[in-house]
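This is what each chain is made of:
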Amino acid sequence: MIERQLIESRHGDVVLESVLTRDVKARPRPVVMIFPNFFGLDEVDDENAQRILGLGYAAFGCDLYGKGRRGGTREDGFARMNPLRENRPLLQDRMLHLLDVVRGLSGVDGSRVAAIGFCFGGLCVLDLARTGAALDGVASFHGIFTPPGNIENPKIRGRVTVYHGWEDALVPPEDVVTLGAELKGAGCDWQIHCFGGAVHGFTHARPPEEGIPFNALADKRSWRAVEDFLAECFA
């Protein structure tokens, strides 16, 4: 039986409302944290949680903004994201808080945790890895690669995989090379997949007026790759 449970926690003066999705009749399973795009948790993340369940894991949709702060216009999304994007230490501390929350949940195997993220969430999971957190792995989908500036010579403990649209106007090819050098220096098991013809946000089938072309082939290929990646992480 599938259960979708709202999990409240407090980080500083902000009450977060994340979402745990799991099969309550199954033995405790590894958990995949899901970090959403700049809109915050929405139906896309619920769909991804169902896909994660289909792989035999539990899913934890991570609320970074605060209870009730999700959805809305692009302006709303930027207004919520920018304070965290501009304060990467705060963002990292909030993610580490959520990782502690995950590890303390009943009914899941909190000793085996991975994280995936999309757009802003892709930046998030890379920063979470940079903190040296004890994660089995992180996967970034069309994320931003810019280092946070507060972590020199990061030592990453888990595996890292990155799925990147080669035509992403926000992340030019030189940023891909720079990230590869950073990951090599961090001493982790890493991989970067670049998809020709794909742009920023290639997995999101958004309304045409938002100007983010969905790339079905890159979406399919990246998800197939992350299935194998998670299987390696939790082997």
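Just so it is clear, the structure is predicted and the values come from calculations on it, not from any experiment. (Residues numbered from 1 in each chain as written. Predicted model: local features only at pLDDT ≥ 70, side-chain atom pairs only at ≥ 80, totals over all residues. Heavy atoms only, no water.)

(A) Just the overall build of the chain, in detail. Within the chain, the regular secondary structure consists of six helices and eight strands. When the helices and strands of the chain are listed from N to C terminus, the series reads β-β-β-α-β-α-α-β-α-β-β-α-β-α. Its C-alpha radius of gyration of 16 Å places the chain within 12% of the 18 Å reference for a compact globule of 235 residues. The 235 residues of the chain split such that 53% are buried. Sequence separation of 24 or more characterises 68% of the internal contacts of the chain that already satisfy a separation of 6 or more. Within the structure as shown, the chain displays about 10,400 Å² of accessible surface, and the carbon and sulfur contribution to it stands at 50%. (Helix = DSSP H or I, 4+ residues; strand = E, 2+ residues; numbered from the N terminus. Rg over C-alpha atoms; globule rule 2.2 N^0.38 Å. Buried < 20%, exposed > 50% of the residue type's maximum accessible area, 1.4 Å probe, protein only. Contact = heavy atoms within 4.5 Å. Areas by Shrake-Rupley, 256 points an atom, 1.4 Å probe, with all protein chains shown as cover.)

(B) Molecular detail of the pairing of strand β2 (residues 14–23). Within β2, eight of the ten residues are buried, which leaves it mostly tucked inside the rest of the structure. As judged from the ten bridges shared by strand β1 (residues 2–11) and β2, these two strands associate in the antiparallel manner. Looking at β2, one finds that His-11 is bridged to Val-14. Counted along the chain from β1 to the antiparallel partner β2, the turn is two residues long, and its residue Gly-12 has a positive phi close to 65°. With three bridges joining them, β2 and strand β4 (residues 58–61) adopt antiparallel strand pairing. (Pairing = 2+ DSSP bridges.)

(C) How the structure looks around the sheet that holds β1. Here eight strands make up an open sheet; going across it, the order is β1-β2-β4-β3-β5-β6-β7-β8 and the pairing mixed. Of all strands in the sheet, those bounded by a partner on one side alone are β1 and β8 (190–195). Here the average twist between neighbouring strands, direction ignored, is 20°. As paired strands, strand β7 (residues 159–165) and β8 are joined by six bridges and run parallel to one another. Looking across to β8, one finds that His-164 is bridged to Cys-194. Each of β1, β2, β3 (29–35), β4 and β5 (108–118) touches helix α1 (residues 43–54); the most contacted strand, β3, lies at about 160° to it. (Axes fitted to C-alpha atoms, helices over the stretch in contact; angles between N-to-C directions.)

(D) Geometry of the side chain of His-97. Of note, His-97 is situated in helix α3 (residues 88–103). The class for His-97 is buried, based on a relative accessible area of 16%. Those residues in contact with His-97 that lie beyond four places of it in its chain are Ser-9, Arg-10, His-11 and Leu-16.

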